[in-house]
Amino acid sequence: MLWHLLCGYVIIYADGLGQERFLSLLLERGIKTREVKRLSYTSSVLQVSLHQLKKLRRAASECRMHLRLGKATGIAGFVPFLRTHPAVFTGIFAAIICIFILSSFCLSVDIRGNEQLSEFALAEALQSLGAKPFALKSSLDTALIEREIKSLFPDILYAKAHFKGTNLILQIIEKIPSPALPVESYLPITAKKEGIVCDVTVFRGKALVSPGQKVSAGEILIASEYTMEDGTEMHVTASGSVMAQVQYIAEIPVANDHCEYLRTGKKETSLELRIGKKRFRLSGKNPYETFETEETVLAKLGENSYLPFSIAEISFFETKPFYTQKSAAISVLSAKEAAFYRALGEIPEGAELLSAKLYLTETNGSPIARAILITKEEIGIITGGNFGNTAEDPH
């Protein structure tokens, strides 16, 4: 479609008897047309692509139709314009050459991801490697830039240099030191959400839960202070892993907003004056909230000129929503899908999805789509910090 539009369409006026036979013959021979409009009993207008114009003329001669060529679009309309305006062609050609030449240069350098490191220091390092404005892109080795930047700045964990058009982008990720927990605190591992325990692994501390046990948010899973069998009092910062099944529930009301619109038989018309792309209403208006439109061009003037003029009659047909069993099923399916994705959006990255259940229920007589997703995930978290960010035992 885009290729045909680029190559061009031609507006054809077909005059003569047998309009229906002519259009049927076009369909029979696979001649694709656009915006076919019947102007009168013996006249119609249509658009056809350039590569099918010859077939259309042959079909017209068989139906004894008289063809008049109108305005051409795409290359078909642009080439004659360039022939009569050589300065425009020269300007376009010169602009293309300039763009092609400039595209071989690095015109700007963009540094992204630096938070601790100085952007000025990174920019100086890039300039020393030849990455500066108006440097030839072919002279810059992005792999070498990445290695040298990581070598010059040990705090850079990751570096990626690439071109986006004429812009050289250096994307970096810095090493962020993990904050140490206070050594004077002995922190337990608690549950960050409700769930049913699946597996418990203890590195330090004492497990207070076992597989199959239901726990609530904030409940201690691995204690940091406990008594050994021999009576020894232990004080450590707990370390370990607690995996649990977690349930996510989402509900979406079923809104029966899927329907078909049918015409009621009521109709209003209005007249429009069109000058170029501007529209001016002469009479009538559209009083309907939902409607379908049809338009008929009553008069045209200067169609192939810079500022064409036309008068069109717009018909507004009132429509009303019509709900069917199919539209109700689509609404239920849409609500279930929305509930599923809402619940899925609450699941953290890395969690394993075990099961998903979608069903229809009611609340106060209104249908509700409910989604229940069950995952297996890590629920243990050290009080005062993220799970896994443990401190050394001070004793």
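If you're wondering where the values come from, they're calculated on a predicted model, not measured in any experiment.

Here four strands make up an open sheet; going across it, the order is 12-14-10-24 and the pairing antiparallel. Edge positions in the open sheet fall to strand 12 (206–207) and strand 24 (380–382), since each of these has one partner strand only. Where strand 10 (residues 189–191) and strand 24 come together, three bridges link them in antiparallel fashion. If you follow Ala-191 over to strand 24, its bridge partner there is Gly-380.

Moving on: the environment of Ala-351. With respect to the helices, strands and loops of the structure, Ala-351 is situated in the loop between helix 8 (325–346) and strand 22 (352–363). Looking at Ala-351, the relative accessible area reads 23%, which means it is partly exposed. Distance from Ala-351 to Lys-376, taken between C-alpha atoms, is 5.9 Å for residues 25 residues apart in sequence. In contact with Ala-351, not counting residues within four places along its chain, are Thr-375, Lys-376 and Glu-377.

Positive phi values are uncommon outside glycine, yet Arg-64 reaches one of about 55 degrees. Residue placement: Arg-64 occurs in the loop between helix 3 (53–62) and strand 4 (66–72). Under the relative-accessibility criterion, Arg-64 is labelled exposed at 76%. The backbone phi angle of Phe-134 is positive, close to 70 degrees, even though this residue is not glycine.

Below, the discussion takes up the sheet that holds strand 17 (residues 239–253). As summarised here, the arrangement of the five strands in space is 13-11-17-23-22, forming an open sheet in which the pairing is antiparallel. Strands with a single pairing partner mark the edges of an open sheet, and in this sheet they are strand 13 (214–215) and strand 22. As paired elements, strand 17 and strand 23 (residues 366–378) share eleven bridges and run antiparallel to each other. Bridged to Val-246 within strand 23 is Thr-375.

Burial of strand 3 (residues 43–49) is extensive: seven of the seven residues sit out of reach of the surface. Neither face of strand 3 is exposed, since Ser-43, Val-45, Gln-47 and Ser-49 on one face and Ser-44, Leu-46 and Val-48 on the opposite face are all buried. Across seven bridges, the pairing between strand 1 (residues 9–15) and strand 3 is antiparallel. Across the sheet, residue Tyr-13 finds its bridge partner in strand 3, namely Val-45. With five bridges joining them, strand 2 (residues 33–40) and strand 3 adopt antiparallel strand pairing. Its bridge partner being in strand 3, Arg-38 is matched across the sheet by Ser-44. A loop of two residues connects strand 2 with strand 3, the two strands running antiparallel in sequence.

In terms of nonpolar packing, the biggest core is built from 25 residues, with Val-215, Leu-221, Ile-222, Val-242 and Ile-379 touching the most fellow members. Elements supplying a minimum of two residues to this core: strand 10, strand 14 (220–223), strand 17, helix 8 and strand 23. Among the elements that line this core, the one with the most residues is strand 17, at six residues. Beyond its immediate sequence surroundings of up to four residues, Leu-221 is in contact with Ile-189, Thr-190, Ala-191, Lys-206, Ala-207, Leu-208, Val-209, Val-215, Val-242, Ile-379 and Gly-380.

Reading the values: rules and limits
Residues numbered from 1 in each chain as written. Predicted model: local features only at pLDDT ≥ 70, side-chain atom pairs only at ≥ 80, totals over all residues. Heavy atoms only, no water. Pairing = 2+ DSSP bridges. Helix = DSSP H or I, 4+ residues; strand = E, 2+ residues; numbered from the N terminus. Buried < 20%, exposed > 50% of the residue type's maximum accessible area, 1.4 Å probe, protein only. Contact = heavy atoms within 4.5 Å. Core = buried A, V, L, I, M, F, W, Y, C linked by side-chain atoms within 4.5 Å.

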